[in-house]
Amino acid sequence: MSREELPKVYAPKDFEDRIYEFWLQNRLFEPSSAAGEPFTVVIPPPNVTGVLHMGHGLNNSLQDALVRYWRMKGRPTLWVPGTDHAGIATQQVVERRLAKEGKTRHDLGREKFVELTWSVKNEHHAVISRQLRKIGASVDWSRERFTMDEGLSRAVREVFVRLYEKGLVYKGYYLVNWDPEAQTAIADDEVEYKEVNGFLYHIRYPFADGSGSVQIATTRPETLLGDSAVAVHPDDERYQGLVGKLLKLPIADREIPLIADGFVDREFGTGAVKITPAHDPNDFEAGHRHNLPQINILNPDGTLGPNVPERYRGLTTVKARKLIVEELTELGLFVAQEPHKHQVGHGYRSGAVIEPYLSEQWFVRMKPLAEKALDALHQGEIRFYPQRWEHTYVHWMETIRDWCISRQLWWGHQIPVWTCQACQHDNVKTEAPQKCEKCGSSDLVQDTDVLDTWFSSWLWPFSTLGWPDKTPDLERFYPTSALVTAYDIIFFWVARMIMAGKEFTGKAPFRDIYIHQLVRDKQGRKMSKSLGNGIDPLEIVDEFGADALKFTLVYMSAQGQDILLDKEGFRLGSKFANKVWNASRYLLMNLPDEGLLDPEQLKWTTVDRWILTRLNTAIRAVDEAMASYKFNDVGHVIYEFFWNDFCDWYIEASKRDLSSDKVDQRRQAATKLLMVLEESLRLMHPFLSFLTEEISQKLPRHAPNLVTAPFPVVDTQREDQASAHAMQVLQEIVSGVRALRSEFTIPAEKELKVSLAVNPDAPERSFLHEEESLIRFFMNAESLSWTEMGTKLPGAVKVIGTGWEAHVFVKGMVDVPKEREKLKKTIEKTRKYVQSIEAKLANSAFTANAPAEVIQAERTKREEASSTLLRLEAYLADLG
RNA sequence: GGACGAAUAGCUCAGCUGGUUAGAGCGCCUGCCUUACACGCAGGAUGUCGGGGGUUCGAAUCCCUCUUCGUCCACCA
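Each value, and the rule that gives it
- Residues numbered from 1 in each chain as written.
- Chains lettered and ligands numbered in written order.
- Predicted model: local features only at pLDDT ≥ 70, side-chain atom pairs only at ≥ 80, totals over all residues.
- Heavy atoms only, no water.
- Helix = DSSP H or I, 4+ residues; strand = E, 2+ residues; numbered from the N terminus.
- Rg over C-alpha atoms; globule rule 2.2 N^0.38 Å.
- Buried < 20%, exposed > 50% of the residue type's maximum accessible area, 1.4 Å probe, protein only.
- Lys, Arg positive; Asp, Glu negative; His and termini not counted.
- Charge placed at Lys NZ, Arg CZ, Asp CG, Glu CD.
- Near = heavy atom within 4 Å.
- Polar contact = N/O pair within 3.5 Å; in protein donor to acceptor, adjacent residues only side chain to side chain.
- Axes fitted to C-alpha atoms, helices over the stretch in contact; angles between N-to-C directions.
- Parallel < 35°, antiparallel > 145°, perpendicular 65-115°, else oblique.
- Contact = heavy atoms within 4.5 Å.
- Nonpolar A, V, L, I, M, F, W, Y, C, P; charged D, E, K, R; others polar.
- Pairing = 2+ DSSP bridges.
- Core = buried A, V, L, I, M, F, W, Y, C linked by side-chain atoms within 4.5 Å.
- Phe/Tyr/Trp six-rings, centres within 6.5 Å; stacked < 30°, edge-to-face > 60°.
- Lys NZ or Arg CZ within 6 Å of the ring centre and 35° of its normal.
- Salt bridge = Lys/Arg side-chain N within 4 Å of Asp/Glu carboxyl O.
- Expected span 1.5 Å × (residues − 1).
- Arc of directions from axis to C-beta.
- pLDDT = per-residue confidence, 0-100.

## Examining the overall build of chain A
In terms of regular secondary structure, chain A is built from 27 helices and 29 strands. In terms of overall size, chain A is more extended than a compact globule, its C-alpha atoms giving a radius of gyration of 37 Å where 880 residues would be expected to give roughly 29 Å. Its C-alpha atoms put chain A at 115 × 65 × 55 Å along the principal axes. For chain A, the proportion of its 880 residues judged to be buried stands at 54%. The positive charge centre, built from 108 side chains, and the negative charge centre, built from 124, are 3 Å apart in chain A.

Structural data, given as structure tokens:
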């Protein structure tokens, strides 16, 4: 028989790349053609601009675990990879590069700039796909997509046109969130509000007729230049009779009316508020109600524009604010300023202070889309894991506002609208028209704006599969099975994908939505470049291996909490991988020269049945945990089974057999060990992919690969609770004696004489007798004899457990007074325990109300504990 | 101003739909290089489960309330 060995040291670098290449060569990540319900996942496309950080590490590790699990379960499985063009972010990267050469995008021109951006995209894309390979992502590279692919771009245009034709896309002149740095409009959810320490400035506006003044309060004095009115509450008696009078706006030297409007809060400040329709959302509304002029005082770059007095033009708002205050002070109109905390919007990407800014933009009417998306949840078409994210989703859908989708950028999907220069008609088409559909003119100019990045990402689950065409992939793999993503993009992405899915395909794009945590550093801070606290997944792969990366993340990924990580944390996975490696290496080293036995030749002992029962339990637990996306449970189950059961007890127990001089015993042991190992490797493969594959290929009679090998199946036939219990008692006895040995620092090499007593009616009694030599082996006893419970053996120290006693002959080695103290403590503890059970059983309310099995369990516990207590007390008396 | 989440061993956290003498990893202490693994083995110590009420025969687990953190949402000038 062929014998292969594993290298002595677990060195993932020596095989991970080779194994990945092996998987690719055999096209194992492409969906099988088998019948049955497919399992589909689309990757949350990372921005092409960046490199993958630990958040992606977590996201992709979880997806990989999920996908590999279902693939092994036999479902035709597809994980679609791809990247996102990330409009603003990418454009910014390229512009910063240009800035280093002292250039702007305008120096290049649109065409050249976009060309350059494509090449930058290609560089980054190469890095990202290398990273995904390194971490072992089992994605189908043959189906990789990019949001600006021709196919996806067609989907974007198709969607725009359909929405336009339905009246759900419209163009309008509105107040939008303007990012002065990126010089584009952004959507409401792309604005992050941060609390800023500012001031509340009190200013007097004199009446035009010189009859006094009205005092207002504002956080932004510079917007005074754009004021169209001052408003008070209609019922505010302080201003009775004054409404309708004109005020003289300082500095701007314009006259503006004092108006009344119910939205004014009488309690705030003086109850009078300046109205700047072009620079405040509230004022914008109020301006509409009162037909006030909208005076835009800003340039696109955020400096003051042509509509302000000469001396203010070109100033930043910060400088202008200072100057205005100075000037007002000179005029005697400045009253006071007081410290004031308020929320200031910042760009999600650029971090720049966002200005409300009037401009013509394209919008999507969201209400009708949101209704369908809410239905999807209410009909049970989608499910959130953990469920509480439903609230967030519902709240967002219910309070949704129209979505500003046009961006004044060059990188992205140019809006498919061609405006006729002759008749101003907008031709909204999926492909460039030759002539205006209205007047026939061929003088058409395409809208220069591009669409919001999310306008392509929200189509991702079906555009990647070929939509709008009815491709075989779309038919087969849509809707997808699960979406795995972090909670920070529920609004941006998840919610919108559901809207798009329902609107354009009639189906929710996925059934399960697993929302995972954010990765933070040990201080709980978001990982970021500027803080320098990020962990590069590749660094972890390099140091610990991809399996350590994935396993650690899976193990730590409990629902709810964010994951706090530092590099050292990955030792957990690394150590476990090392353990699996060494256990496997040991078994391979001990393959008998005579070869393995056939399954039908095997004789299954109680210990064997115990490990099979444990294995079975582990498989069941993994299945259950995977079904409910409890990745951390999976990690714990696997870890415990492999380390605590298989290595610590089963392999240890087998050592005796493997070193036996009886051939059959060696072959029996080796064969069974290999069988359990082989199944364990399959069980662990989704979570420790490289190493299990590498080991598996060295096994005799191994599967061609583990990627598509069948996942272990729960088999109730091999479950044997009696064996499990018997083994548990054996473990207790062994641990008890070992503890005694350790307690009195009896050297491990010192062989003990032990005499065991077991309850005569205990079902495990015969097992313990049969496995006498095993027990002896585990506790390194030179002899093991049997006696009856309660026997007093001179020269022996007793270890007392539930249903058993072990006499250890250690005369002279044990510190008797210390032993007595310890015993007293144990007795005290046991007595309290017995008392608590007795109190419970004496309580008629308990016996009347508790279920029968609970009461029975309590009775059993009482019997066992009180019997143990009696024997402990007797022993104490013996000790004198 | 709303909503949600967290508070359990020195640290990071599991403990889901109530019934265990409350767990894991790391760290710490003791003894071991036992012919797979010192990334190891054997053993050990450590918790009034944030405070206060309540429901229940029974609460870390359910309800109320308070405190402290965190996140999201919201136009209060």
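Once the structure has been displayed, the description carries forward.
## Thoughts on the protein's contact with RNA strand B
Residues in contact with RNA strand B amount to 52 residues; listed here are only the nearest, Asp-265, Phe-268, Asn-282, Arg-585 and Lys-630. Backbone sugar and phosphate groups make up 60% of those atoms of RNA strand B lying within 4 Å of the protein. Measuring from a phosphate oxygen of RNA strand B, one finds a side-chain N or O atom of Trp-643 at 2.6 Å. Looking at the surface near RNA strand B, the elements that each hand over two or more residues are strand 8 (213-218), strand 13 (334-347), helix 17 (571-589), helix 19 (631-658), helix 22 (721-743), helix 25 (816-842), helix 26 (844-849) and helix 27 (852-879). Of all the elements, helix 17 adds the most residues to the surface near RNA strand B, at 10 residues.

## Comments concerning the packing of helix 18 (residues 606-627) against helix 22
Between helix 18 and helix 22, the least distance of the axes is 8 Å, while the angle of their chain directions is 105°. Relative to helix 22, the element helix 18 lies roughly perpendicular. Contacts between helix 18 and helix 22 pair Thr-606, Val-607, Arg-609, Trp-610 and Thr-613 from the former with Gln-721, Ser-723, Ala-724, Ala-726, Met-727 and Gln-731 from the latter. A per-class count over the contact of helix 18 with helix 22 returns five nonpolar, five polar and one charged.

## Quick notes on the sheet that holds strand 23 (residues 510-516)
Across the sheet, which stays open at both edges, the three strands sit in the order 15-23-22 with parallel pairing between neighbours. The open sheet is flanked by strand 15 (383-385) and strand 22 (480-486), the only strands paired with a single partner. Within this sheet the neighbouring strands show an average axis-to-axis angle of 20°, counted without direction. As paired strands, strand 15 and strand 23 are joined by three bridges and run parallel to one another. Directly across from Tyr-385, in strand 23, lies its bridge partner Tyr-514. On the sheet, helix 2 (residues 54-72) packs against strand 22 and strand 23 and is oriented at approximately 155° with respect to strand 22.

## Regarding the nonpolar core
Generally speaking, a soluble globular protein has its nonpolar side chains buried in company with each other. Residues Phe-455, Trp-458 and Phe-646 are the most contacted members of the largest nonpolar core, which totals 203 residues. Looking at which element gives the most residues to this core, the answer is helix 19, with 14 residues. Those residues in contact with Phe-646 that lie beyond four places of it in its chain are Leu-587, Ile-611, Phe-641, Ile-651, Leu-673, Val-676 and Leu-677. Residues Val-230, Ile-251, Leu-298 and Phe-363 belong to the second largest nonpolar core, which totals 38 residues.

## Focus on the environment of Leu-474
Topologically, Leu-474 is positioned in helix 13 (residues 472-477). Along the backbone, Leu-474 and Arg-871 are 397 residues apart, and their C-alpha atoms lie at a distance of 71 Å. Setting aside chain neighbours within four positions, we find Leu-474 in contact with Phe-462, Leu-465, Trp-467 and Asp-469.

## Structural notes on the packing of aromatic side chains
For the structure on display, the rule yields 49 aromatic pairs. An angle of 10° between the planes, with centres 5.3 Å apart, marks the rings of Trp-454 and Phe-492 as stacked. With Trp-454 in helix 11 (residues 454-457) and Phe-492 in helix 14 (residues 490-505), this residue pair connects regions lying 38 residues apart in the sequence. Overall, the relative accessible area of 12% leaves Trp-454 in the buried class. When its relative accessible area of 6% is taken as the criterion, Phe-492 is described as buried. Counting every residue linked through ring pairs, the aromatic cluster contains Phe-160, Tyr-164, Trp-362, Trp-403, Phe-455, Trp-458, Phe-462, Trp-467, Tyr-478 and Phe-504. A cation over a ring is seen here: Lys-121 above Phe-146, with NZ or CZ 4.2 Å from the ring centre. The ring centre of Trp-403 lies 4.0 Å from the NZ or CZ of Arg-496, which sits over that ring.

## Description of the sheet that holds strand 11 (residues 254-260)
If you trace the four strands from one edge of the open sheet to the other, you get 10-11-9-12, paired in mixed fashion. A single partner strand is all that each edge strand has here, and the edge strands are strand 10 (246-249) and strand 12 (272-275). Averaged over all neighbouring strand pairs, the angle between strand axes comes to 30°, with direction disregarded.

## Looking at the pattern of salt bridges
Following the criterion strictly, the structure yields 65 salt bridges and no others. For the salt bridge of Asp-452 with Arg-407, the shortest nitrogen-to-oxygen distance reads 3.0 Å. Here the residue Asp-452 occupies a position in the loop between strand 21 (450-451) and helix 11, and Arg-407 occupies one in strand 17 (residues 406-407), the gap between them amounting to 45 residues. Considered together, Asp-452 and Arg-407 belong to a single accessibility category, that of buried residues. Residue Lys-840 is joined to Glu-858 by a salt bridge in which the shortest nitrogen-to-oxygen separation is 3.5 Å. Here the residue Lys-840 occupies a position in helix 25, and Glu-858 occupies one in helix 27, the gap between them amounting to 18 residues. On the accessibility criterion, Lys-840 (37% relative accessible area) is partly exposed.

## A closer look at helix 3 (residues 87-100)
The end-to-end C-alpha distance of helix 3, which contains 14 residues, comes to 20 Å, matching closely the 20 Å that a straight helix rising 1.5 Å per residue would cover. Every buried residue of helix 3 is accounted for by Gly-87, Ile-88, Ala-89, Thr-90, Gln-91, Gln-92, Val-94 and Leu-98. Where the residues of helix 3 are buried, they touch helix 4 (105-108), helix 5 (110-134) and strand 6 (184-186). Residue Gly-102 follows helix 3 closely and has a positive phi angle near 75°.

## Side note on the side chain of His-807
Summarising the element assignment, His-807 is placed in strand 29 (residues 804-809). On the basis of relative accessibility, which here comes to 1%, the residue His-807 falls in the buried class.

## Some details on helix 1 (residues 16-25)
Buried within helix 1 are the following residues: Glu-16, Ile-19, Tyr-20 and Trp-23. Buried residues in helix 1, looked at end-on, bunch into an arc of 100°, giving them a common side. On its buried face, helix 1 is in contact with helix 2, helix 5, helix 15 (537-544), helix 16 (546-556) and helix 21 (689-696). One or two positions beyond helix 1, positive phi appears at Arg-27, with a value near 50°.

## Notes on the packing of helix 19 against helix 20 (residues 663-684)
Axis separation between helix 19 and helix 20 bottoms out at 10 Å; the angle between their running directions is 170°. The pairing of helix 19 with helix 20 is recorded here as roughly antiparallel in orientation. Packed against helix 19, whose contacting residues are Ile-638, Phe-641, Phe-642, Phe-646, Tyr-650, Ile-651, Ser-654, Asp-657 and Leu-658, the element helix 20 presents Gln-665, Arg-666, Ala-669, Ala-670, Lys-672, Leu-673, Val-676, Leu-677, Ser-680, Leu-683 and Met-684 at the interface. A breakdown of the residues in the contact of helix 19 with helix 20 according to their chemical character gives 14 nonpolar, three polar and three charged.

## Comments concerning the confidence of the model for chain A
Caution is warranted with low-pLDDT regions, since their predicted coordinates should not be read in detail. When pLDDT is averaged across chain A, the result is 91; 99% of the residues are at 70 or more. Among the scores for the predicted complex, ipTM is 0.95 and pTM is 0.93.

## Some details on the pairing of strand 9 (residues 229-232)
For a regular strand, the rule is simple: side chains alternate between the two faces of the sheet. The two faces of strand 9 match: Ala-229 and Ala-231 on one face and Val-230 and Val-232 on the other face are all buried. By the bridge criterion, four bridges tie strand 9 to strand 12 in an arrangement that is antiparallel. Bridging across to strand 12, Val-232 finds its partner in Ala-272. Relative to strand 11, strand 9 runs parallel, the two being bridged by three bridges. Following the sheet pairing, Val-230 is matched in strand 11 by Leu-258.

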